[in-house]
Amino acid sequence: MASKSKRARMAPQRNLSKTFMYLAIAVWLIKLLIIARIQAASYEISGKPYSIDGAWLGADGENYLTGFTGLIRDGVFSKEGILNYWPAGYPLVILFLSLFGKSWVLTSLSVFQSIIFSYAVYFFASQLEETRLKKFAYLVFILIILNPTLSLSSIAIGYESLTASGFLIATGLIIKDFVEKDDKKLIKYLVVDSLIFGLMSFMQPRLIISGIFITILWILTRKGVKAGSLLVIVSLAVTLFFPATLMYRNYKAVRLTAVSTNLGNTMNIGAGNTATGGYMKKWDGIPCTLTGNESQQDNQRVKCVLNWYAGNPVKSLKLFYNKTIYFWSPWFGPEANGTMARNPWLTISPIKNIAATPDGDKLVYGGFGKLISWLWLLGGLVLLLYGFIILWRQNSLERFIGNIAMFAISTNWLISLISIGDHRFRIPIMGMSLFLQAIGLRTLFKGGKAPMVEGPALR
């Protein structure tokens, strides 16, 4: 009679990919019901009444819709100021969806973003199924697709959901390539991956740093420095094409050679002797001599802020600490800091409902609430780091997957240190952080022993 362990190895492995697909479709259908129940609301966009139906406003929803109305009115090369101050990529995405019907464009946006998100979670978890992380795949899938803030963001007007989905799909493609090890398919996967990161930087330029780092790490690990050099050049060309189109649009529209002109202002809010690291109603910023057009002035502000950091190391470290806390802060409560007031989850959050009463307000914003907020913040970071350490110890494909996730997380956190602390900036990398937290959580449930699937490690 075969031993128990031998019978376990001989038993067919249950493939969860179909389960992931059915659950992802079910979540999408539930979102369709939510979208159908969203009541139209009137807002003033560009000085005119605008009815928003089929979607919720995100933090910068009015700005994106102002850009979109400018594009509808004047065409792709609209001179609307918001299109060169903020990146024009996301309003251009909305413009593309308007081809399917202008009166339904925001509903189409919600449906489109929800489809992409459901597919992204399904695809990422399905690729994990092909690695020794198989036993983690179900928990990863559930934590990401049912996370209320991340999942419901797909029904909000904002780039966050699409970029979070982009990280999941791109990482899934890289895992697929390492599992298959098919050089004929590598070029195809690389081009698709570069297109994804290009589109993400099209909507939020700072994400290009993560995309470039991750792609170069993938190519050099897969093919080596000599053989991978040409692939790196091809990938960079594809990725940089998208922000280059924004620069071209802005030059044709208003003669500005810039993707956007808001970086200097944002960095200036988060720096200086009176800065807290977060948004303030009034701030002094860094004294800076400004000349030339908006693009040149933006570059000058960036240089002034960087020079201030270099000349004030002690104050800079204090601001970096504050920005780190703000970046990882809870969405609601005494330690929350950022622009997530329109977080869809907060409309039904039990904590916010508790805080609606005088006694509940004292509980949530008092000492007990602060303790819970810090436990939530630190607990999430500990789980994330623990999950990364678990993967690092595997010294194989699993370590590489952990490195990709950590590159995405750390680069976005580091960028916030030189700009401003805002927990909304965490949403694009939430899929990656929840992945690492799921690894840490499942390992803790197993008494600190990672439940890796038996078999050779893929290298």
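Residues numbered from 1 in each chain as written. Predicted model: local features only at pLDDT ≥ 70, side-chain atom pairs only at ≥ 80, totals over all residues. Heavy atoms only, no water.

Visitor: Would you mind going over the overall build of the protein with me for this structure?
Guide: Counting its secondary structure elements, the protein contains 19 helices and four strands. In terms of overall dimensions, the protein has a C-alpha envelope of 80 × 60 × 55 Å along the principal axes. Here the protein holds 459 residues, and 53% of them are scored as buried. Look at the contacts in the protein between residues 6 or more apart in sequence, and 73% of them connect residues 24 or more apart. For the protein, the computed accessible surface area is about 21,600 Å², with 65% contributed by carbon and sulfur atoms. Here the protein contributes 46 positive and 23 negative side-chain charges, whose respective centroids are spaced 8 Å apart. (Helix = DSSP H or I, 4+ residues; strand = E, 2+ residues; numbered from the N terminus. Buried < 20%, exposed > 50% of the residue type's maximum accessible area, 1.4 Å probe, protein only. Contact = heavy atoms within 4.5 Å. Areas by Shrake-Rupley, 256 points an atom, 1.4 Å probe, with all protein chains shown as cover. Lys, Arg positive; Asp, Glu negative; His and termini not counted. Charge placed at Lys NZ, Arg CZ, Asp CG, Glu CD.)

Visitor: Any chance you could explain the packing of helix α18 (residues 397-418) against helix α19 (residues 430-445) here in plain terms?
Guide: Describing two packed helices takes the angle between their axes plus the distance from one axis to the other. At a minimum axis separation of 9 Å, α18 and α19 run at an interaxial angle of 135°. Classified by the angle between their axes, α18 and α19 sit oblique to one another. Crossing of α18 against α19: the hand is left-handed. Note on element contacts: α19 touches α18 through Met432, Ser433, Phe435 and Leu436, opposite Ile401, Gly402, Ala405, Met406, Ala408 and Ile409. Of the residues that constitute the contact of α18 with α19, the class distribution is eight nonpolar, two polar and no charged. (Axes fitted to C-alpha atoms, helices over the stretch in contact; angles between N-to-C directions. Parallel < 35°, antiparallel > 145°, perpendicular 65-115°, else oblique. Left-handed = near helix turned anticlockwise from the far one by under 90°. Nonpolar A, V, L, I, M, F, W, Y, C, P; charged D, E, K, R; others polar.)

Visitor: Hey, could you run me through the state of the cysteines in this one?
Guide: Under the definition given, this model contains one disulfide. Two residues, Cys288 and Cys304, share a disulfide whose sulfurs are 2.1 Å apart. Looking down the S-S bond of the Cys288 and Cys304 bridge, the torsion is 70°, so its handedness is right-handed. Here Cys288, found in the loop between α12 (263-269) and α13 (294-311), pairs with Cys304, found in helix α13; they are 16 residues apart in sequence, far enough to count as distant. (Disulfide = S-S within 2.5 Å.)

Visitor: Just checking my understanding: could you explain the pattern of salt bridges for this structure?
Guide: If charged atoms from side chains of opposite charge come close, those side chains can pair. If you walk through the whole model with that rule in mind, you get twelve salt bridges. Measuring nitrogen to oxygen at the nearest pair gives 2.7 Å for the salt bridge that ties Arg342 to Glu62. Of this pair, Arg342 sits in the loop between α14 (313-327) and α15 (350-355) while Glu62 sits in helix α3 (residues 61-74); the two residues are 280 residues apart in sequence, bridging distant segments of the chain. Given a relative accessible area of 36%, Arg342 falls into the partly exposed group. In this structure Glu62 comes out as partly exposed when scored by relative accessible area, which is 24%. A salt bridge links Glu180 to Lys176; its shortest N-O distance comes to 3.1 Å. (Salt bridge = Lys/Arg side-chain N within 4 Å of Asp/Glu carboxyl O.)

Visitor: Help me out: how do you make sense of the nonpolar core in this one?
Guide: In a soluble, globular protein the nonpolar side chains are often hidden away together inside. In terms of nonpolar packing, the biggest core is built from 102 residues, with Ile157 and Phe435 touching the most fellow members. Apart from residues lying up to four places away in sequence, Ile157 is in contact with Ile52, Ala55, Trp56, Leu57, Gly58, Gly61, Tyr64, Leu65, Tyr90, Ile94, Leu106 and Leu109. With eleven residues, the next largest nonpolar core counts Ala275, Val302, Cys304 and Leu319 among its residues. (Core = buried A, V, L, I, M, F, W, Y, C linked by side-chain atoms within 4.5 Å.)

Visitor: I'm lost on the pairing of strand β2 (residues 48-52) in this one. Help?
Guide: Here is the key point about a regular strand: its side chains alternate between the two faces of the sheet. As paired strands, strand β1 (residues 41-45) and β2 are joined by five bridges and run antiparallel to one another. Residue pairing across strands places Ser42 opposite Ser51, the latter belonging to β2. (Pairing = 2+ DSSP bridges.)

Visitor: I'm lost on a nonpolar patch on the surface in this one. Help?
Guide: A grouping of Ile354, Leu363, Phe368, Leu371, Ile372 and Leu375 is seen on the molecular surface, where their side chains present a nonpolar patch of about 570 Å² in accessible area. Counting residues per element, the nonpolar patch draws most heavily on helix α17 (residues 367-392), which supplies four residues. Topologically, Leu363 is positioned in helix α16 (residues 358-365). The partly exposed category is assigned to Leu363, whose relative accessible area is 42%. (Patch = residues over 30% accessible without salt bridge, like charges linked within 9 Å, V, L, I, M, F, W, Y side chains within 5 Å.)

Visitor: What is the right way to look at the confidence of the model for the protein in this model?
Guide: For the protein, the mean per-residue pLDDT works out to 91, and 96% of the residues sit at or above 70. Below a pLDDT of 50 lies the segment residues 1-13, which in the model reaches four contacts outside its immediate sequence neighbourhood of four places, other chains included. (pLDDT = per-residue confidence, 0-100.)

Visitor: Where do I start with the environment of Thr66 in this structure?
Guide: Examined against the element boundaries, Thr66 turns out to sit in helix α3. Since its relative accessible area comes to 15%, Thr66 is described here as buried. For the pair formed by Thr66 and Ser46, sequence separation is 20 residues and the distance between their alpha carbons is 5.7 Å.

Visitor: Sorry if this is basic, but what is going on with the packing of aromatic side chains here?
Guide: In this description, an aromatic ring pair is defined by two values, namely the gap between the centres and the angle between the planes. Scanning all chains against the criterion turns up 19 aromatic pairs. Ring geometry for Phe241 against Phe242: centres 5.5 Å apart, planes inclined by 80°, an arrangement best described as edge-to-face. Chaining the aromatic ring pairs together yields one cluster made of Phe20, Tyr138 and Phe141. In this structure, Lys252 packs its charged tip against the face of Phe77, placed 6.0 Å from the ring centre. Sitting over the ring of Trp331, Arg426 keeps its end group 4.2 Å from the ring centre. (Phe/Tyr/Trp six-rings, centres within 6.5 Å; stacked < 30°, edge-to-face > 60°. Lys NZ or Arg CZ within 6 Å of the ring centre and 35° of its normal.)

Visitor: Even after reading the chapter, I still don't get the environment of Thr339, so can you show me in this structure?
Guide: For Thr339, the position within the fold is in the loop between α14 and α15. Relative accessible area serves as the criterion here: at 25%, Thr339 is assigned to the partly exposed category. C-alpha separation for the pair Thr339 and Ile38, spaced 301 residues apart in sequence, amounts to 22 Å. Polar contacts involving the side chain of Thr339 include one to the side chain of Asp422, which spans 2.7 Å. (Polar contact = N/O pair within 3.5 Å; in protein donor to acceptor, adjacent residues only side chain to side chain.)

Visitor: Quick question: what am I supposed to make of the packing of helix α7 (residues 134-145) against α19 here?
Guide: Between α7 and α19, whose axes approach to 9 Å, the crossing angle comes to 130°. Judged by the angle between their axes, α7 and α19 are oblique. For α7 against α19, the interelement crossing comes out right-handed. Residues Lys135, Phe136, Leu139, Val140, Leu143 and Ile144 of α7 pack against Gly431, Leu434, Phe435, Ala438, Ile439, Leu441, Arg442 and Thr443 of α19.

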